[in-house]
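# Notes for the structure review
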Amino acid sequence: AQSVTQLGSHVSVSEGALVLLRCNYSSSVPPYLFWYVQYPNQGLQLLLKYTSAATLVKGINGFEAEFKKSETSFHLTKPSAHMSDAAEYFCAVSEGNTPLVFGKGTRLSVIA
Amino acid sequence: DAGVIQSPRHEVTEMGQEVTLRCKPISGHDYLFWYRQTMMRGLELLIYFNNNVPIDDSGMPEDRFSAKMPNASFSTLKIQPSEPRDSAVYFCASSLGQGVTDTQYFGPGTRLTVL
């Protein structure tokens, strides 16, 4: 069965610094991978998704993620953090037509 | 479109009481998902429907939980009787399909507190 591990339940960065949120997956078939973001008191919304096309996926708000099969990773990055990026970020995996399995989330804090 | 609508946004009840959470998916979406979010367990899928039919309810924690989708525009999640450990944020999400290109759209959630 597929699973996702997000390393670090809380990450803190300075405004303007690089954001790196880590996600490793386990899947018995080529996976489909997603990053969702949850702002306070809101539901989740899709940031980006990998669907076996280009391994570098660009999403909204300047975020991108790279699929690395050899490392079973799908880390999320943003070159320069903004205060508005403070939120909780969830990595998720699907093995095709199966429901998404979400990681436990990483809370991103941005320090002025 | 108004997005996925959930009601109530907050619910406080006492142990043993029946709780009903409601969801209106985005019009035209074929799939509806119910999730539960807690600090300890993260985001868990409880059940999902396709064209109003329950497909997988293996995530429903126990018989106290039940979900229905009487039509394409309405679903309920019921807990009877409620217990303090049911306290969580419950999300409803909908999508056009379950294919990998189909994004799930989440509602704002219902924060349930069982005293």
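To keep things clear, this report deals only with the structure shown in the data block. (Residues numbered from 1 in each chain as written. Chains lettered and ligands numbered in written order. Predicted model: local features only at pLDDT ≥ 70, side-chain atom pairs only at ≥ 80, totals over all residues. Heavy atoms only, no water.)

### A look at the layout of surface pockets
It is the rolling of a water-molecule-sized probe over the atoms that shows where space remains empty. Computed from the structure, the largest pocket encloses a volume of approximately 660 Å³. Lining the largest pocket we find 28 residues, and of these Gln38(A), Glu88(A), Arg107(A), Gln37(B) and Met39(B) sit closest to its centre. In terms of residue class, the lining of the largest pocket is built from nine nonpolar, 14 polar and five charged. If you add up the space inside the second largest pocket, you get close to 450 Å³. If you go around the second largest pocket, you meet 21 residues; those closest to its centre are Leu100(A), Val101(A), Leu43(B), Glu44(B) and Leu45(B). (1 Å grid on protein atoms, 1.4 Å probe; cavity = no way out; pocket = protein on both sides within 12 Å on 5 of 7 lines; lining within 4 Å. Points joined across faces, edges and corners; volume = space filled by probe spheres on them. Nonpolar A, V, L, I, M, F, W, Y, C, P; charged D, E, K, R; others polar.)

### Here we look at the interface of chain A and chain B
Taken together, the contact between chain A and chain B spans 19 residues of the former and 20 residues of the latter. Between chain A and chain B, a total of about 1,600 Å² is buried, with carbon and sulfur atoms accounting for 56% of that surface. When residues of chain A are sorted by the area they lose upon contact with chain B, Leu44(A), Pro99(A) and Phe102(A) head the list and together hold 29% of the total. Taken together, chain A and chain B are joined by zero salt bridges. (Contact = heavy atoms within 4.5 Å. Buried area = accessible area lost by both parts, 1.4 Å probe. Salt bridge = Lys/Arg side-chain N within 4 Å of Asp/Glu carboxyl O.)

### So, the sheet that holds strand 8 (residues 73-78) of chain A
Strands belonging to one sheet form pairs held by backbone hydrogen bonds; the direction of such a pair is parallel or antiparallel. All names here are of chain A. Reading across from one edge, 1-3-8-7-6 is the order of the five strands in this open sheet, with antiparallel pairing throughout. At either margin of the open sheet sits one strand with a lone partner, and together these are strand 1 (3-7) and strand 6 (56-58). Averaged over all pairs of adjacent strands, the angle between strand axes in this sheet comes to 20 degrees, irrespective of strand direction. In terms of strand pairing, strand 7 (residues 64-68) meets strand 8 through five bridges, oriented antiparallel. (Pairing = 2+ DSSP bridges. Helix = DSSP H or I, 4+ residues; strand = E, 2+ residues; numbered from the N terminus. Axes fitted to C-alpha atoms, helices over the stretch in contact; angles between N-to-C directions.)

### Overview of the pattern of salt bridges
Applying the stated rule across the entire model yields 11 salt bridges over all chains. For Arg107(A), the salt bridge is made with Glu88(A), and the minimal N-O distance between the two is 2.9 Å. Linking Arg107(A) in strand 11 (residues 106-111) with Glu88(A) in strand 9 (residues 87-94), this pair joins segments that are 19 residues apart in sequence. For Lys78(B), the salt bridge identified is with Glu18(B), shortest N-O distance 3.8 Å.

### Some thoughts on the pairing of strand 11 of chain A
In regular strands, side chains alternate between the two faces of the sheet. Residues and elements named next belong to chain A. In strand 11, alternate side chains face the same way, and those of Thr106, Leu108 and Val110 are buried while those of Arg107, Ser109 and Ile111 on the opposite face are not. Across five bridges, strand 2 (residues 10-14) lies against strand 11 in parallel orientation. Paired with serine 12 across the strands is serine 109, a residue of strand 11. Where strand 9 meets strand 11, three bridges bridge the pair, whose relative direction is antiparallel. Within strand 11, the residue paired with alanine 87 across the bridge is leucine 108. (Buried < 20%, exposed > 50% of the residue type's maximum accessible area, 1.4 Å probe, protein only.)

### Describing the nonpolar core
All names here are of chain A. Ranked by internal contacts, the top residues of the largest apolar core, which has 27 residues, are Trp35, Leu48, Phe74, Leu76 and Tyr89. If you list the elements that add at least two residues to this core, you get strand 2, strand 3 (19-26), strand 4 (32-38), strand 5 (44-50), strand 7, strand 8, strand 9 and strand 11. When neighbours within four sequence positions are excluded, tyrosine 89 is seen to be in contact with Gln6, Leu21, Trp35, Tyr36, Val37, Leu47, Phe63, Leu76, Gly105, Thr106 and Leu108. (Core = buried A, V, L, I, M, F, W, Y, C linked by side-chain atoms within 4.5 Å.)

Geometric values such as these leave the question of function open.
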